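# Analysis of the macromolecular model
Now for the letters of each chain:
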Amino acid sequence: MTATTTAPVAAPDVRTPARPPATRLRAWATRAPLLPALIFMIAVTQLPFVATLVISFFDWNALYPDARHFTGLSNYGDVLTDPDLRRSVWTTVLLTVAVVLASLVLGLALALLLDRRFKGRGVVRTLLIAPFLVVPVAAALLWKHVLYNPEYGLFNGLLHYVGGPQPDWISNTPLLAVEASLVWQWTPFMMLILLAGLQSRDQQQIEAARVDGASDWQIFRHLTLPHLRRYLELGALLGSIYIVQNFDAVFTITSGGLGTANLPYTVYQSFYQAHENGLASAAGVLVVIGSIVIATFALRVVSSLFREEVSRA
């Protein structure tokens, strides 16, 4: 019995053929209108960041420009070991967590309210969105003077009407005062995201659960809340990106005093008041890195939401 051998069959060449010059030219012609916007974006965002990164490696005080010299990573070491800077990092974490969680809870409650049909729902929705459209500095000034002022503020006016105390809100609870103004401004944003999630639910599944005798709480716990998980994550990540970089409320309401100085405000103090360009640049780079990390997770959540919508369609 003789063994038969088969010659190996050569794999077919599956290389993608090169596009003809006319096709490549047409592709570049299609992208050409976007080049000015791309160049402008690079000039406005990337070049300043590169300059900030370079300055962060120098011991550079603006009052003594001739004394600047290269120090490597020492500025980053100072940022991570300086007690004031570490305190500002902790304040930033507290501010971000408190504002994001409170905004999500209130936004979810408002989204559940607006998901129901009632007379005047369009007007109520417009009024609830309005705080998010206010300029951040104007919103902070509104809370500082119209609401918090101990002499003519609305809060103390209401307390005076019922015979209550007249506290100085900013002096007594400075961090809470900043957090309240940010929660007021960011709750509508969370509400819009969660309302979009509520309106994308499978209504047939909900009706089937009602037919089977499920209560409203059971539907919310076992159907609505799992469906909103991606939207809650997206709202938390996008809110964190902004709150980590927030400067307006801290600067306007407390001027960074009374333990409310977060990392962006500390960067401002180092740059504009202490004139330590290198130290401020290093702190700014760390803020950007933290924001990029959060933004990466946010983009993943957005991509997963798009994939779910495509698969559902």
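Residues numbered from 1 in each chain as written. Predicted model: local features only at pLDDT ≥ 70, side-chain atom pairs only at ≥ 80, totals over all residues. Heavy atoms only, no water.

Per an unreviewed UniProt entry, the chain goes by Carbohydrate ABC transporter permease and derives from Streptomyces viridiviolaceus. The chain has a UniProt comment under Sequence similarities (unreviewed entry) that states "Belongs to the binding-protein-dependent transport system permease family." (UniProt positions renumbered as here; feature names shortened; annotations may be inferred.)

### A closer look at the overall build of the chain
In terms of regular secondary structure, the chain is built from 15 helices and two strands. The buried share among the 313 residues of the chain stands at 32%. Roughly 19,600 Å² of accessible area belongs to the chain as shown, and the carbon and sulfur atoms make up 68% of that amount. (Helix = DSSP H or I, 4+ residues; strand = E, 2+ residues; numbered from the N terminus. Buried < 20%, exposed > 50% of the residue type's maximum accessible area, 1.4 Å probe, protein only. Areas by Shrake-Rupley, 256 points an atom, 1.4 Å probe, with all protein chains shown as cover.)

### Thoughts on unusual backbone geometry
Of note, serine 255 is a non-glycine position whose phi angle comes to about 55°, a positive value. Position of serine 255 relative to the elements: it lies in the loop between helix H13 (248-254) and helix H14 (263-273). Phi at leucine 258 takes a positive value of approximately 60°, unusual for a residue other than glycine. Within the secondary structure, leucine 258 is located in the loop between H13 and H14.

### Side note on the side chain of asparagine 75
Looking at the element boundaries, asparagine 75 is found in helix H3 (residues 74-81). Looking at asparagine 75, its side chain comes within polar contact range of the main-chain oxygen of serine 56, at 2.8 Å. Apart from the residues lying within four places of it in its own chain, the contact partners of asparagine 75 are Ile55, Ser56, Phe57, Phe58, Asp59, Gly278, Leu279 and Ala282. (Polar contact = N/O pair within 3.5 Å; in protein donor to acceptor, adjacent residues only side chain to side chain. Contact = heavy atoms within 4.5 Å.)

### Looking at the nonpolar core
Leu95, Val99, Ala111, Val178, Leu182 and Ile243 are the most contacted members of the largest nonpolar core, which totals 34 residues. For this core, the element with the most residues is helix H9 (residues 174-199), which contributes twelve residues. Each residue touching valine 99, except ones within four places of it in the same chain, is listed here: Glu179, Leu182, Val183 and Ile243. Core analysis: the next-biggest nonpolar cluster, separate from the first, contains eight residues, Tyr76, Val79, Val267 and Ala280 among them. (Core = buried A, V, L, I, M, F, W, Y, C linked by side-chain atoms within 4.5 Å.)

### Focus: the packing of aromatic side chains
Considering all chains together, one arrives at 19 aromatic pairs under this definition. Geometrically, the ring pair formed by tryptophan 143 and phenylalanine 155 is edge-to-face, given 6.1 Å between the ring centres and 70° between the ring planes. Residue tryptophan 143 is located in helix H6 (residues 136-147), and its partner phenylalanine 155 is located in helix H7 (residues 154-161); the two are separated by twelve residues in the primary sequence. By relative accessible area, tryptophan 143 is classed as buried at 9%. (Phe/Tyr/Trp six-rings, centres within 6.5 Å; stacked < 30°, edge-to-face > 60°.)

### Things to note about the environment of alanine 109
By the secondary structure assignment, alanine 109 is in helix H4 (residues 83-114). Taking the C-alpha atoms as reference points, alanine 109 and methionine 191, separated by 82 residues in sequence, lie 8.1 Å from one another.

### So, the environment of leucine 192
Looking at where leucine 192 falls in the secondary structure, it is placed in helix H9. Separated by 78 residues in the primary sequence, leucine 192 and leucine 114 place their C-alpha atoms 9.9 Å from one another.

### A closer look at empty space enclosed by the protein
Any empty space left between the atoms is revealed when a probe the size of a water molecule rolls over them. Within the structure shown, the criterion is met by one cavity of 30 Å³ or more. There is about 40 Å³ of room inside the largest cavity. In this structure, the largest cavity is lined by Pro136, Ala139, Ala140, Ser181, Leu182, Gln185, Asn246, Asp248 and Ala249. Put simply, the parts of the chain that give the lining of the largest cavity at least two residues each are H6, H9 and H13. In terms of residue class, the lining of the largest cavity is made up of five nonpolar, three polar and one charged. (1 Å grid on protein atoms, 1.4 Å probe; cavity = no way out; pocket = protein on both sides within 12 Å on 5 of 7 lines; lining within 4 Å. Points joined across faces, edges and corners; volume = space filled by probe spheres on them. Nonpolar A, V, L, I, M, F, W, Y, C, P; charged D, E, K, R; others polar.)

### Overview of the packing of H4 against H9
Between H4 and H9, the shortest axis-to-axis distance is 6 Å and the interhelical angle comes to 45°. Overall, the two elements H4 and H9 adopt an arrangement that is oblique. Crossing handedness for the pair H4 and H9: right-handed. When grouped by side-chain class, the residues that make up the contact of H4 with H9 number 22 nonpolar, four polar and one charged. (Axes fitted to C-alpha atoms, helices over the stretch in contact; angles between N-to-C directions. Parallel < 35°, antiparallel > 145°, perpendicular 65-115°, else oblique. Left-handed = near helix turned anticlockwise from the far one by under 90°.)

### Some details on the UniProt feature "transmembrane region" (unreviewed entry) in the chain
Mapped onto the present numbering, the UniProt feature "transmembrane region" (unreviewed entry) falls at residues 34-58, 89-114, 126-143, 175-198, 231-258 and 278-302. From the first C-alpha to the last, residues 175-198 spans 33 Å; its make-up is 100% helix and 0% strand. Taken end to end, residues 231-258 comprises 75% helix and 0% strand; its first and last C-alpha atoms sit 35 Å apart.

### Some thoughts on the pattern of salt bridges
Summed over the entire model, instances satisfying the criterion amount to four salt bridges. With a shortest N-O distance of 2.7 Å, arginine 201 and aspartate 115 are connected by a salt bridge. Residue arginine 201 is found in the loop between H9 and helix H10 (203-211), and its partner aspartate 115 is found in the loop between H4 and helix H5 (121-133); the two are separated by 86 residues along the sequence. You can call arginine 201 buried: its relative accessible area is 17%. Take aspartate 115: its relative accessible area is 24%, and that puts it in the partly exposed class. Across the pair arginine 230 and glutamate 233 runs a salt bridge whose closest N-O atoms are separated by 3.7 Å. Of this pair, arginine 230 and glutamate 233 both sit in helix H12 (residues 229-244), three residues apart, which is roughly one turn of the helix. In this structure arginine 230 comes out as partly exposed when scored by relative accessible area, which is 23%. For glutamate 233, a relative accessible area of 26% corresponds to the partly exposed category. Each of the salt bridges in this network shares a partner with another, and the network as a whole consists of Arg229, Arg230 and Glu233. (Salt bridge = Lys/Arg side-chain N within 4 Å of Asp/Glu carboxyl O.)

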